[in-house]
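Now for the letters of each chain:
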Amino acid sequence: MKQIKKARVVIGGILHETNTFAHAKTGYRDFMKGRALGMAEGVEMLKEFRNANIGVGGFIREAERSGLEPIPLIWAFAQPGGTVRHQAYARLRDRFLTGLKEALPVDGVFLELHGAMVTDRCQDVEGDFLRHIRKMVGKHIPIIAVLDLHANITPLMAKEADILIGYDTYPHVDIGARGEEAGRLMALMIRKKIRPVSAFRQLHLLIAPPRQCTLIPPMRDIFRMVHEMEKRPKVLSITFSGGFPFADIGDAGASIVVTTDNDVQLAETIAHELAVEIWKRRKEFNVVLTPVKDAIACALKTRKGPVVLADGSDNPGGGAPCDGTVMLKALVEANVPSAVVAVIADPEAVAAAGRSGAGKTATIRVGGKTDRLHGKPLTLTGLVRWVGNKSYFNKGPMMTGMRVDMGRAAVFVVNNVEIILCENRFQPFDAEAIRCFGIEPRKRLIVGLKSAVHYRSCYQTMAKKIFELDTPGIHTPDLTQYRYRNLRRPIYPLDAMKNHHPWVHRASTPAFAD
Ligand SMILES: [Zn+2]
């Protein structure tokens, strides 16, 4: 086989899932180090992410196998939250573009993006980012991006990237694998073994996060179908994105991207088949929620733990404050024999626990400080069992190996409820968020989690029962609760959809002439 010189591929990412209904804005410092996942630059990226189950990690591993040379620029992640200040995004984008300019000429660009980022000046941030990169590298250099399953894929994104690869799982346990897939396709593209063309469909369909879970129908079945379709000859990659309904933009919602090796007709046919199937099953995406009291009563009756209560409406992984008190109040009042709540992000409460000190009884005002949508602050008296700085590494199947920095944290015990208080807002999907305090979730009757679906990566098999709670908040799956201003209408399930076609057929990329 002919030896080809090492192709140079620039890698990086800017990741944010923007909940435009959240009050607090997301600024530059939210992307920086010390903020849960944070930021890494240059060679530091190779060192930190080579073994991590994330997009750039997978890409780096595959690049090294395929003889590509990854050129790391910048990777910045902020916890899902409110609208991003445009300046913050522009600063990150321009740092990436400066690095890219210095690295030119390059053979390819790999990006890890979320796909649902919104700034106060731009509704299609990833489209903007891709457009800038395309302008700089020209139309013949491959650009491949990995996207979250909750990406709101826009026509501009589909146009500017050669290949978009969405996660196939929620909980997202395949992020690294999608990065590896991107690496394989990048090597084939650079060596001119494939010529990707894509078909894009935007469905007029909003899906609430709990029903985007791929462990249960209908998503489980749809992804089985996707994987069967991916086995057909000439199919390179199929993405079904569930979308992020809490970003109020025109392009929010479900979409499909099918990429084939220079066969537009095949891409169009598959995109159509998939759209028909998803639309047929749209009613199955409706969510059934349980009142907190009913869930607790059920746990107390069976006495078999752990019973997981998922407070998805206050899921920081979808931009919610993570200091909501509705679930916590019910647990404290129910006199349960054992329960743990992870986590309440409340720097003031952590500071109060610190002032009192470990081993002391304290009265602390807990939670409810970000807004009035997730329950009022609770004044609780209990034991401060532990207080200090805390970080841990994910050990479960999702984002395995990534370090999570909780900032200062405390374990505050009230009426047999162990409340994990922390400074940083983050989604406690990995059981390490609890175990790192010496608490074993298997030994608790009730585990209350600020998470909509990702907790299932660790708790699906561990839990005796799981309840998706009917609590208020800016991540509630009841989509009728939101006041949309920018979303395209009509859209299911908000509108009747009579006399409207269920999707927009967006022009596919043209086949290569020669
Ligand atoms: Zn996601």
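The following paragraphs examine the structure supplied in this document. (Residues numbered from 1 in each chain as written. Predicted model: local features only at pLDDT ≥ 70, side-chain atom pairs only at ≥ 80, totals over all residues. Heavy atoms only, no water.)

Here the focus is the overall build of the protein chain. In terms of regular secondary structure, the protein chain is built from 13 helices and 18 strands. Relative to the compact-globule value of 24 Å for 514 residues, the protein chain shows a C-alpha radius of gyration of 23 Å, a close match. Counting all 514 residues of the protein chain, 64% fall into the buried class. (Helix = DSSP H or I, 4+ residues; strand = E, 2+ residues; numbered from the N terminus. Rg over C-alpha atoms; globule rule 2.2 N^0.38 Å. Buried < 20%, exposed > 50% of the residue type's maximum accessible area, 1.4 Å probe, protein only.)

By the alternation rule, side chains of strand E10 (residues 307-310) split into Val 307 and Leu 309 and Val 308 and Ala 310, which are all buried. Pairing analysis gives 4 bridges linking E10 to strand E16 (residues 446-449), with the strands arranged parallel. Of the residues in E16, the one forming a bridge with Val 307 is Ile 446. Sheet topology note: the E10/strand E17 (residues 465-468) ladder contains 4 bridges and is parallel. When the sheet's bridge partners are listed, Val 308 is paired in E17 with Ile 466. (Pairing = 2+ DSSP bridges.)

Here we take up the coordination of the zinc ion. A four-donor tetrahedral metal ideally has 109.5 degree angles, and a six-donor octahedral metal ideally has angles of 90 or 180 degrees. Coordination sphere of the zinc ion, protein contribution only: Asp 148 (OD), Asp 148 (OD), His 150 (ND1) and His 172 (NE2), at 2.1 to 2.7 Å. Classification of the site at the zinc ion rests on its 4 donor atoms, whose angles at the metal span 52 to 136°, yielding the label irregular. One chain supplies every donor to the zinc ion, and in sequence these donors are spaced D-x1-H-x21-H. The same class applies to Asp 148 and to His 150, which are both buried. (Donors = N, O, S within 2.8 Å, 3.2 Å for Na, K, Ca; no water. Tetrahedral: all angles 85-135°; square planar, octahedral: opposite > 155°, others 65-115°.)

In this section: the sheet that holds strand E4 (residues 108-113). Strand order across the open sheet formed by 6 strands is E2-E3-E1-E4-E5-E6, with mixed pairing between neighbours. The open sheet has two edge strands with one neighbour each: strand E2 (38-41) and strand E6 (163-166). Neighbour-to-neighbour, the strand axes of this sheet turn through a mean angle of 20°, independent of strand direction. Pairing of strand E1 (residues 7-15) with strand E3 (residues 68-77) involves 8 bridges; the strand directions are parallel. Its bridge partner being in E3, Ile 11 is matched across the sheet by Pro 72. Set on the sheet, helix H2 (residues 55-66) makes contact with E1, E3 and E4; between it and E3 the angle comes to about 175°. Against the sheet, helix H4 (residues 125-137) engages E1, E4 and strand E5 (143-147), with an angle of about 170° to E4. (Axes fitted to C-alpha atoms, helices over the stretch in contact; angles between N-to-C directions. Contact = heavy atoms within 4.5 Å.)

Oppositely charged side chains can pair when the atoms bearing their charge come close. Under the counting rule described, the total for this entry stands at 35 salt bridges. Between Arg 134 and Asp 162 there is a salt bridge, with its nearest N and O atoms 2.7 Å apart. Separated by 28 residues along the polypeptide, Arg 134 in helix H4 and Asp 162 in the loop between helix H5 (155-160) and E6 bring together distant segments of the chain. For the pair shown, Arg 134 and Asp 162 are each scored as buried. Across the pair Arg 178 and Asp 174 runs a salt bridge, and its minimum N-O distance is 2.7 Å. (Salt bridge = Lys/Arg side-chain N within 4 Å of Asp/Glu carboxyl O.)

Taken in spatial order, the 8 strands line up as E12-E13-E14-E15-E11-E16-E10-E17 in an open sheet, and their pairing is mixed. Of all the strands in the sheet, just strand E12 (360-366) and E17 have a single pairing partner and so form its edges. Each adjacent strand pair in this sheet contributes to an overall mean axis angle of 30°, direction not counted. With respect to the sheet, helix H10 (residues 326-333) is in contact with E10, strand E11 (339-345), E12, strand E13 (378-393), strand E14 (403-414), strand E15 (417-422) and E16, its orientation differing from that of E11 by roughly 150°.

Let us now look at the packing of helix H7 (residues 219-229) against helix H8 (residues 264-280). Two numbers describe how H7 lies on H8: the axes approach to 11 Å, and their chain directions differ by 165°. In terms of their interaxial angle, H7 and H8 are classed as roughly antiparallel. Our pair here, H7 against H8, has a crossing hand that is right-handed. Contacts between H7 and H8 involve Ile 222, Met 225, Val 226 and Met 229 from the former and Ile 270, Glu 273, Leu 274, Glu 277 and Ile 278 from the latter. Residue composition of the contact of H7 with H8, grouped by class: 7 nonpolar, no polar and 2 charged. (Parallel < 35°, antiparallel > 145°, perpendicular 65-115°, else oblique. Left-handed = near helix turned anticlockwise from the far one by under 90°. Nonpolar A, V, L, I, M, F, W, Y, C, P; charged D, E, K, R; others polar.)

For helix H3 (residues 86-103), spanning 18 residues, the distance from its first C-alpha to its last is 25 Å, which sits close to the expected 26 Å at 1.5 Å a residue. Taken together, the buried positions of H3 are occupied by His 86, Ala 88, Tyr 89, Ala 90, Leu 92, Arg 93, Phe 96, Leu 97, Gly 99, Leu 100 and Ala 103. Buried residues along H3 sit in contact with E1, E2, E3, E4 and H4. (Expected span 1.5 Å × (residues − 1).)

What follows deals with unusual backbone geometry. Cis peptide bonds are those with omega within 30 degrees of zero, and the linkage from Gly 305 to Pro 306 qualifies with -5°. Among the structural elements, Pro 306 can be located in the loop between helix H9 (292-302) and E10. The linkage connecting Tyr 492 with the following residue, Pro 493, adopts the cis geometry, with an omega of 5°. In this structure, Met 399 is a non-glycine residue whose phi angle is positive, near 50°. Considering the arrangement of structural elements, one finds Met 399 in the loop between E13 and E14.

Now for the packing of aromatic side chains. Under the counting rule described, the total for this entry stands at 13 aromatic pairs. Their ring planes at 75° and their centres at 5.2 Å tell us that Phe 96 and Phe 129 sit as a pair that is edge-to-face. With Phe 96 in helix H3 and Phe 129 in helix H4, this residue pair connects regions lying 33 residues apart in the sequence. Through pairs of rings, three or more aromatic residues link up here, namely Phe 21, Phe 244, Phe 246, Tyr 482 and Tyr 484. Over the face of the ring belonging to Tyr 28 we find Arg 91, whose NZ or CZ atom lies 3.6 Å from the ring centre. We note Arg 282 situated over the ring of Tyr 492; from NZ or CZ to the ring centre the distance is 5.5 Å. (Phe/Tyr/Trp six-rings, centres within 6.5 Å; stacked < 30°, edge-to-face > 60°. Lys NZ or Arg CZ within 6 Å of the ring centre and 35° of its normal.)

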